[in-house]
Amino acid sequence: MSNTPLLEIEDLSARVKDKEIIKGFNLTINEGEVHAIMGPNGAGKSTLSYVLCGKSGYEVTSGHVRFKGKDLLSMSVEERAREGLFLIMQYPVEIPGVAVTTFLKHAVNAQRKYHNQPELDTMDFMKLLREEGRKLGISADMLKRPINVGFSGGEKKRLETLQLTILKPQFAILDEADSGLDIDALKVVSEGINAERNEHNAMLVITHYQRLLNDIVPDFVHVYADGHIVKSGGKELAAEIEKNGYAEFTKEK
Amino acid sequence: MGGLLQEVALAGDDIPWLEGQREKGRELFLAQGLPTAKTEAWKYTRPRDLMTEDFILTGTDEDESHEEEHCNYHQGECRCGHHHESQKALSFPSYEIRFENGIMQAIDFELPKGVTIKPLIEAIYEEDAVKSYLGKEIDMAHYPFAALNTAYMEEGVYIAVERDVSLTKPIAIINHTHACRQNLMAHLRNLIILERGAQATIIENFNYSGNEKSRYFNNIVNEIYIGRGACLRHYKLQDEAYKAVHIALSRVKVRENGFYESFCLQKGANLARNESKISLKEEQAEAFVNAAYMINGWATVDTTTDIEHLSAHSKSHQLVKGVVGGNAKGVFQGKIHIAPNAVKTEGSQLHKALLLSDEAEIDCKPELEIYADDVKCSHGAASGELDKEQLFYMRSRGIGEEEAKQILIDAYLTEVINTISNEDVKNWFSDSANINTGEEKC
Ligand SMILES: Nc1ncnc2c1ncn2[C@@H]1O[C@H](COP(=O)(O)OP(=O)(O)OP(=O)(O)O)[C@@H](O)[C@H]1O
Ligand SMILES: [Mg+2]
């Protein structure tokens, strides 16, 4: 395990258009850790994930983010991904005309190229994809379809999870990986995600429900309200929120 | 000696009717001149770069492109005028007809029974049918480049498929410009006749080797006759050099129950127009007229269609998709004319374009002339940009920005490439549809 934290967010503030959404956010995540973020709708959780991934339209007004000791905010979107950052999106994007397999092959090979590894053989890759897909209940038929087009909410989340298991990022942000999943799918998806956990990688799990955290057990739980973390604790904090809601954290509003 | 209209000796000058047509072509070209800003049919596509006096007709004494010392681009391996192994050849079996700098090369394959393929000038001497077809449907008074083409009528291919004969392999017409010498011009005239019940697939491929910046001018007229119940699939790839001018007209006549399917992908030239004028002459005649273009730099690339429904129950379908980057301009003009007696006809037309830069331009002019009742006719146009959310999604998985754009462009064009019913040809076009969205052409 490395001594450098995997991710250090320091006094981060960011806005969309003229609206300040992230305000003085601090968080440090080390290798091997799973952190959960819970917070009311509109608190800025998805905004935080997008800022970390480098999506345009989000303006960082102050602060620093270091990923493996490197300045994350100066990297392009694809560089961040190639360095090992991954986001399960709350609302995955539909891309008509681009098959899941084609898309993932481009992604895997782009990352391999960055790390000076040879491209994957197409046959091997297809095999891997079908195997991993099967574990997540994604049929070979679905892999041939255009990414996310016409996929149900749950199917989209499975596909996001499949990408995680194929790309094996060192740091994954799960933005409501559980939304839209039925009980059985929730199990399958969290098993898939848990299988990726090891001492060298880390995760930031954004969720509204304790249920996901029963399966993907976090080391830390943070309450995010009004643009920053207002309380941190262990997994018992999730149970507390499940019971009492966010009233006590947002009452100053 | 220079300019577009030159005094040159052409083969067949002993044939009065041929000379008569050429003379008419000269007259009508002179009467119209090159289209100007005021020429309605050319208002978006100004034939710039043709005003100069320095064109050299291919095959004449001044055309020295066949002489080895002029080929600096092939390290002494010049095979101008001979069979040239182009890397851009087709990836599947075909009857291959080659034009090198506008000159048809000897045919080196056995022809199936019932099929005639020969240089147009030979056909003029040998085939009785030619006289009754050649030039018959070309309205030279309104098509200045067709008039110019007729003035030089000599080079080109004659293809005739007899009654009920079906060709299994496509016929490929490879037009290769060996751009060793500047300012060549070629006027090609192809006559294609499918008799009743005949079936054929024809692929035109315009490509080049040598200096990509060399300037040349290809002016093509195809005259296509599709007999009763006959079926022609006509595909074209225009991949000319960056400074080339490419102007083509396909004049198509479809008889009862005849079927014409065409697809043209344009990705080269500085100035190009691919024009189709199609007459659905008799009942149940049907045409699919699809096209795509992907352009960059300073190119102007034009797709113009004019489909006449002259009889009841005729159908036409058009899907045209373009991708325009840099300072380039894409032009689509689509006309559907439905004659008073052409009841129960169907005509649909859709043009869509993707603009990759702020400087890229699209000009779209749909035109419907409907004189009959009880017809189904639709047209639509849309233009947009690459979807930022989709680009972000792809990049967030590690795909580079340029690669992501290319994937989206490919996906965009897939819809129209998928209209090609021949699998081999479809795959070949998918492979050909690849543009560099980063670097700009000059
Ligand atoms: N592009 C935008 N334009 C305007 N407002 C925006 C934009 N993006 C986000 N916001 C606003 O920023 C705030 C934070 O949104 P965000 O999606 O980050 O919330 P969230 O914590 O993920 O909420 P949820 O739990 O509902 O997913 C919201 O009030 C939202 O309306
Ligand atoms: Mg959210």
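A short tour of the structure in this document, coming up. (Residues numbered from 1 in each chain as written. Chains lettered and ligands numbered in written order. Predicted model: local features only at pLDDT ≥ 70, side-chain atom pairs only at ≥ 80, totals over all residues. Heavy atoms only, no water.)

## A few points about the overall build of chain B
Our working definition: Numbering of helices and strands starts at the N terminus; helices are DSSP runs of H or I of at least 4 residues and strands are runs of E of at least 2. The globule rule is 2.2 Å times the number of residues to the power 0.38, and the radius of gyration it is compared with is taken over C-alpha atoms. Only protein chains enter the accessibility calculation, which uses a 1.4 Å probe. A residue is then buried if its area is under 20% of the maximum for its type, exposed if over 50%, and partly exposed in between. Any pair of residues with heavy atoms lying within 4.5 Å of one another is described as a contacting pair. In short, Shrake-Rupley with a 1.4 Å probe defines the accessible areas, and a residue's cover is counted only from the protein chains shown.
Secondary structure summary: chain B contains 7 helices and 20 strands in total. Scaling as 2.2 N^0.38, a compact globule of 442 residues should have a C-alpha radius of gyration of about 22 Å, and chain B matches this with 21 Å. Across its three principal axes, chain B shows a C-alpha extent of roughly 70 × 60 × 45 Å. When the 442 residues of chain B are sorted by exposure, 61% land in the buried category. For chain B, the share of sequence-separated contacts (at least 6 apart) that also reach a separation of at least 24 residues comes to 85%. On chain B, roughly 17,200 Å² of surface is accessible, and the fraction owed to carbon and sulfur atoms is 45%.

## Let's talk about the pairing of strand E2 (residues 95-100) of chain B
Along any regular strand the residues' side chains alternate between the sheet's two faces. Residues and elements named next belong to chain B. To keep it simple, the criterion reads: Pairing between two strands requires that DSSP report at least two bridges joining them.
By the criterion of burial, E2 is predominantly enclosed, with 5 of the 6 residues buried. Two strands pair when backbone bridges link them, and E2 and strand E3 (residues 103-104) are joined in this way by 2 bridges, in the antiparallel orientation. Looking at the pairing, Glu100 lines up with Ile103 of E3. The hairpin formed by E2 and E3 contains 2 residues between the paired strands, and Asn101 there has a positive phi angle of roughly 45°.

## As for the packing of aromatic side chains
All names here are of chain A. What counts, and what does not: Think of it this way: a Phe, Tyr or Trp ring, Trp meaning its six-membered ring, pairs with another when their centres are within 6.5 Å, and the plane angle makes it stacked under 30 degrees, edge-to-face over 60, tilted otherwise.
In this structure the tally under the stated criterion is 13 aromatic pairs over all chains. Both rings, one in Phe67 and one in Phe171, keep their centres 6.3 Å apart while their planes meet at 55°; by these two values the pair is tilted. Taken as a pair, Phe67 in strand E4 (residues 58-67) and Phe171 in strand E7 (residues 171-175) lie far apart in primary sequence, 104 residues in all. Of the two residues, Phe67 and Phe171, both sit in the buried class.

## Quick notes on the interface of chain B and chain A
The figure often quoted for interface size is the accessible area lost as the parts come together. Stated formally: Two parts lose some accessible area (1.4 Å probe) when they are put together, and adding that loss for both gives the buried area. Here, a salt bridge means any side-chain nitrogen of Lys or Arg that lies within 4 Å of a carboxyl oxygen of Asp or Glu. Whenever two N or O atoms come within 3.5 Å, that pair is a polar contact, provided that in protein one can donate a hydrogen and the other can accept it, and provided that, for residues adjacent in sequence, both atoms are side-chain atoms. Under the convention adopted here, Pro, Cys and the residues Ala, Val, Leu, Ile, Met, Phe, Trp and Tyr are nonpolar, Asp, Glu, Lys and Arg are charged, and Gly plus all remaining residues are polar.
Each partner contributes residues to the interface: chain B has 16 residues there, and chain A has 30 residues. Roughly 1,900 Å² of surface becomes buried between chain B and chain A when both sides are summed, with 65% attributable to carbon and sulfur atoms. A per-residue breakdown of the area chain B buries against chain A is headed by Phe392(B), Tyr393(B) and Arg397(B), which together make up 41% of the total. Applying the counting rule to chain B against chain A returns 3 salt bridges. Linking chain B with chain A are 13 residue pairs in polar contact (both at pLDDT 80 or more), by the criterion used here. Elements represented by at least two residues in the side of chain B that touches chain A include exactly helix H5 (388-395) and helix H6 (401-417) of chain B. For the side of chain B that touches chain A, the leading source of residues is H5(B), giving 6 residues. Of the residues contributing to the side of chain B that touches chain A, the split by class is 7 nonpolar, 4 polar and 5 charged.

## A word on the sheet that holds strand E3 (residues 34-38) of chain A
Residues and elements named next belong to chain A. What counts is decided by this rule: Between N-to-C directions, angles cover 0 to 180 degrees, with each direction set by a line fitted to C-alpha atoms, over the stretch in contact for helices.
Pairing within the open sheet is mixed, and its 6 strands lie in the order E6-E7-E8-E3-E9-E10. Two strands close off the open sheet at either side, each with one partner strand: strand E6 (85-88) and strand E10 (228-233). On average, adjacent strands in this sheet sit at an angle of 20° to one another, irrespective of strand direction. Across 4 bridges, the pairing between E6 and E7 is parallel. Within E7, the residue paired with Phe86 across the bridge is Ala172. Contacts from helix H1 (residues 45-53) reach E3, E6, E7, strand E8 (202-206) and strand E9 (220-225) within the one sheet, and its direction differs from that of E6 by about 150°. Where helix H6 (residues 153-167) meets the sheet, its contacts fall on E6 and E7, and the angle it forms with E6 comes to roughly 165°.

## A short note on helix H4 (residues 144-151) of chain B
Residues and elements named next belong to chain B. For H4, the tally of buried residues reaches 8 of 8 residues, placing the bulk of the element in the interior. Listed as buried for H4 are Pro144, Phe145, Ala146, Ala147, Leu148, Asn149, Thr150 and Ala151. Considering only its buried residues, H4 is in contact with helix H1 (16-32), strand E7 (184-194), strand E9 (216-226) and strand E11 (245-254).

## Some details on the site of ligand 1
All names here are of chain A. We count it as follows: Residues are labelled near a given molecule or strand when at least one of their non-hydrogen atoms is within 4 Å of it.
The environment of ligand 1 is made up of 15 residues, and the closest members are Lys19, Lys45, Ser46, Thr47 and His208. The separation between a nitrogen atom of ligand 1 and a polar side-chain atom of Lys17 is 3.5 Å. Within the backbone of Gly44, one N or O atom sits 2.9 Å away from an oxygen atom of ligand 1. Expressed as a share of its isolated accessible area of 640 Å², the protein-covered part of ligand 1 is 67%. The set of elements that each furnish at least two residues to the shell around ligand 1 consists of strand E2 (19-29) and H1. Counting residues per element, the shell around ligand 1 draws most heavily on H1, which supplies 3 residues. Looking at side-chain class alone, the shell around ligand 1 contains 4 nonpolar, 7 polar and 4 charged residues.

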